[in-house]
Structure formats: structure tokens, C-alpha cells
Amino acid sequence: MPLLRDLEIGAMFWAGRDTLPRIKSLGVRCGQLGIGGDVNLNGAVEHWKAEVAREDFSLITVVCAYNGEDYADIPTVQRTVGFIPPATREEREARTKDVSDFGAALGVKSVACHIGFVPEDATDPDYVAVLGMVRRICDHAARHGQTFVLETGQEPAHVLMHFLKDVDRANLGINFDPANMILYGTGDPIEALGILASKVLSVHAKDGDWPPRGVAGALGTERPLGQGSVGMERFVAKLKEIGYKGTVNIEREIENLEQRYADMAMAVKLLERLRG
Ligand code: MG
């Protein structure tokens, strides 16, 4: 595995969609491997172990996504994403533990997911149920020496911080995604990064514009890095200010693969310049 520098630029990529040589050709040597709900984990360890060794690539995080999730608009996200929907809790908890085991077999030290919209009210039954799930997953991950990181964006920073304190597990942290704060209209990402600084274990570099005014439930629009409302210069400066030394993983979520790779390669160059 390559020795990584502070603020090493990486990529967020997906099993079954991306290949490691293609991702490495963007100019990165580390990243986060997304595991969709439909990925068969049988045999996946051998495959990825061989790929990572051949490409001398460092896997920072395994990221879980789940069957049945839909990011069409905010109400659909609330209904389908993460640990909030009661009907899929049991299945998704088991899947997260399986992905944690998969990551452990590859020597990956962190597991991530979107847990969905955490309610503000700590007595809300959904809050209480999700708190229990997160504790059990943290304890499972801890046995592998892994952290469990929650992707930001679907709730304001202070709500997330309160939830983290309530869960009260030393290996629980945050994968900070500045664009999500904007896409979901939850607050200024740079300010949020300051509030959450002590809990940030990994970072996405993604950009986007705010939701359109007056359209209830609409999400904002993801944009190529540097072309949205995050302010990449401000973002990288804030990462340095809070003393963050981990990886900065470029995430681009559009369908068109060639455009996605072109945007990611451009993002590598932009971040290299900003990192200095
Ligand atoms: Mg993200």
C-alpha cells in the first residue's frame, strides 16, 4: 500500500461500476470503495484483494448503499434512505455488518453509509431505533479495529453532533460531504465543517448548487468540482485550518461514465492546485 501524504487526493468509486485501473488513471492512489446493495460479497474479497495489490492502491473506506434506496427528491430520500425506514432496518444492519467484515478482510479501517434523515427530537421512536443500530454497528466495527463514519448532509451540523454524542462510541465519526449540505439545503458547509471538525475522519470533495426556491422537497443539483456553490478554495482552506490530515475523496454521481471520469480527472488537478 502506498504511503499517503496529508490531504491525499482520492476517489469515491463503486464495485461493479468502476475498475481500479480506470480509477487509478485519474491520478489517485487511494479511495473509498462503494458497495451497492446488489453486490454479491461472496468472492468479492479475493477479487478486490488481488486488484488492490496489483494496482498498489490504498482503500480508505468501504461505503454501504442499500437495496431500495432512492435519491429522487427529499421526501423520497426520507422514505427510503439509510436506517430511518423501519421495514428495512434489520436487513440493512446485517448488510452493514457484512460489509464491515468484507472491509476487514481487505484491511480497510473504516466503514461508511448514509443513515438517512435523523430526527431532531431525541425522544422520536426513529431516533431511538437508529441510535441503537448505530451503536451495534460501531461495536461490530470496533472488533475489526474499524471506525464507522456517517455521511453528512441530511441534517444540520448541530443535530448530527448531538446524535454522535448520544451514540457515545469512540469509533464513531463523520465522512464530511460539503455538497450534500447544499443539495439538501441544510446549511453552509464551511461553517458545518467547523462545528463537526473533531469528528471528521474522512471527506468527500463534491460540489453542487442549492435547491431551487419555491419547489417543495426539491434537491439541489450536483456540479463538477469547482463549478458549484461550495467554494473549493474555502473548503480546502478550512480543512487545513481545522488540522484535517486524512484523504480528500472526489465524488461525482452522474450516470454518464466518460463524463464522470473527465470531471473527476479535472477535479484531481483542481484539488492538487488548491492543496499546494
Ligand atoms: Mg458523498
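Structure report, in brief. (Residues numbered from 1 in each chain as written. Predicted model: local features only at pLDDT ≥ 70, side-chain atom pairs only at ≥ 80, totals over all residues. Heavy atoms only, no water.)

**Focus: the packing of helix H5 (residues 125-143) against helix H6 (residues 157-167)**
For the pair H5 and H6, the least separation of the axes is 10 Å and the interaxial angle reads 60°. Taken together, the axes of H5 and H6 lie oblique to each other. Our pair here, H5 against H6, has a crossing hand that is right-handed. Across from Tyr127, Val130, Leu131, Val134 and Arg135 in H5, the residues of H6 making contact are His162, Phe163, Asp166 and Val167. Classifying every residue of the contact of H5 with H6 gives six nonpolar, one polar and two charged. (Axes fitted to C-alpha atoms, helices over the stretch in contact; angles between N-to-C directions. Helix = DSSP H or I, 4+ residues; strand = E, 2+ residues; numbered from the N terminus. Parallel < 35°, antiparallel > 145°, perpendicular 65-115°, else oblique. Left-handed = near helix turned anticlockwise from the far one by under 90°. Contact = heavy atoms within 4.5 Å. Nonpolar A, V, L, I, M, F, W, Y, C, P; charged D, E, K, R; others polar.)

**Describing the packing of aromatic side chains**
Counting across every chain of the model gives six aromatic pairs. Centre to centre, the rings of Phe13 and Phe57 are 5.8 Å apart; their planes meet at 90°, and the pair counts as edge-to-face. Highlighted residues: Phe13 in strand E1 (residues 9-14) and Phe57 in the loop between helix H2 (44-55) and strand E3 (58-64), separated in sequence by 44 residues. A relative accessible area of 0% places Phe13 in the buried class. On the numbers, 6.0 Å between centres and 50° between planes, the contact of Tyr66 with Phe83 is tilted. Here Phe83 lies in the loop between helix H3 (74-80) and helix H4 (89-105) and Tyr66 lies in the loop between E3 and H3, a separation of 17 residues in the sequence. Through a chain of ring-to-ring contacts, the aromatic side chains of Phe13, Trp48 and Phe57 assemble into a single cluster. (Phe/Tyr/Trp six-rings, centres within 6.5 Å; stacked < 30°, edge-to-face > 60°. Buried < 20%, exposed > 50% of the residue type's maximum accessible area, 1.4 Å probe, protein only.)

**Some words on the layout of surface pockets**
As a volume, the largest pocket reaches approximately 790 Å³. The set of elements that each furnish at least two residues to the lining of the largest pocket consists of E1, E3 and helix H7 (178-183). Counted by class, the lining of the largest pocket contains 13 nonpolar, five polar and 10 charged residues. (1 Å grid on protein atoms, 1.4 Å probe; cavity = no way out; pocket = protein on both sides within 12 Å on 5 of 7 lines; lining within 4 Å. Points joined across faces, edges and corners; volume = space filled by probe spheres on them.)

**Details of the pattern of salt bridges**
Two side chains of opposite charge can pair, provided their charged atoms sit close to one another. Taken as a whole and judged by the stated rule, the model has 17 salt bridges. Note that Asp263 and Arg252 form a salt bridge whose closest N and O atoms lie 2.9 Å from each other. Highlighted residues: Asp263 in helix H10 (residues 257-275) and Arg252 in the loop between strand E10 (248-250) and H10, separated in sequence by 11 residues. Residue Asp263 is classed as buried on the basis of its relative accessible area, which comes to 8%. Where salt bridges share partners, they join Asp177, Lys206, Glu251 and Glu253 into one cluster. (Salt bridge = Lys/Arg side-chain N within 4 Å of Asp/Glu carboxyl O.)

**What to know about empty space enclosed by the protein**
Across all of its chains, the model carries two cavities of 30 Å³ or more by this definition. At the level of secondary structure, the elements contributing two or more residues to the lining of the largest cavity comprise helix H9 (232-241) and H10. Looking at the lining of the largest cavity residue by residue, the classes come out as six nonpolar, no polar and one charged. Volume-wise, the second largest cavity comes out at about 40 Å³. Taken together, Ala205, Lys206, Asp207, Glu222, Arg223, Pro224, Leu225, Ile250, Glu251, Arg252, Asp263 and Ala267 make up the full set of residues lining the second largest cavity.

**What about H10?**
Structurally, the α-helix is built with 3.6 residues per turn, so residues lying three or four positions apart point the same way. A rise of 1.5 Å per residue sets the reference length of H10, with its 19 residues, at 27 Å; its end C-alpha atoms lie 26 Å apart and thus fit the reference within 8%. On its buried face, H10 is in contact with E1, helix H1 (20-24), strand E7 (200-205), H9 and E10. You can read the cap of H10 off the contacts: a side-chain oxygen lies 3.1 Å from the backbone nitrogen of Glu258, and it is on Asn256. After H10 finishes, the residue Gly276 shows a positive phi value of roughly 75°. (Expected span 1.5 Å × (residues − 1). Polar contact = N/O pair within 3.5 Å; in protein donor to acceptor, adjacent residues only side chain to side chain.)

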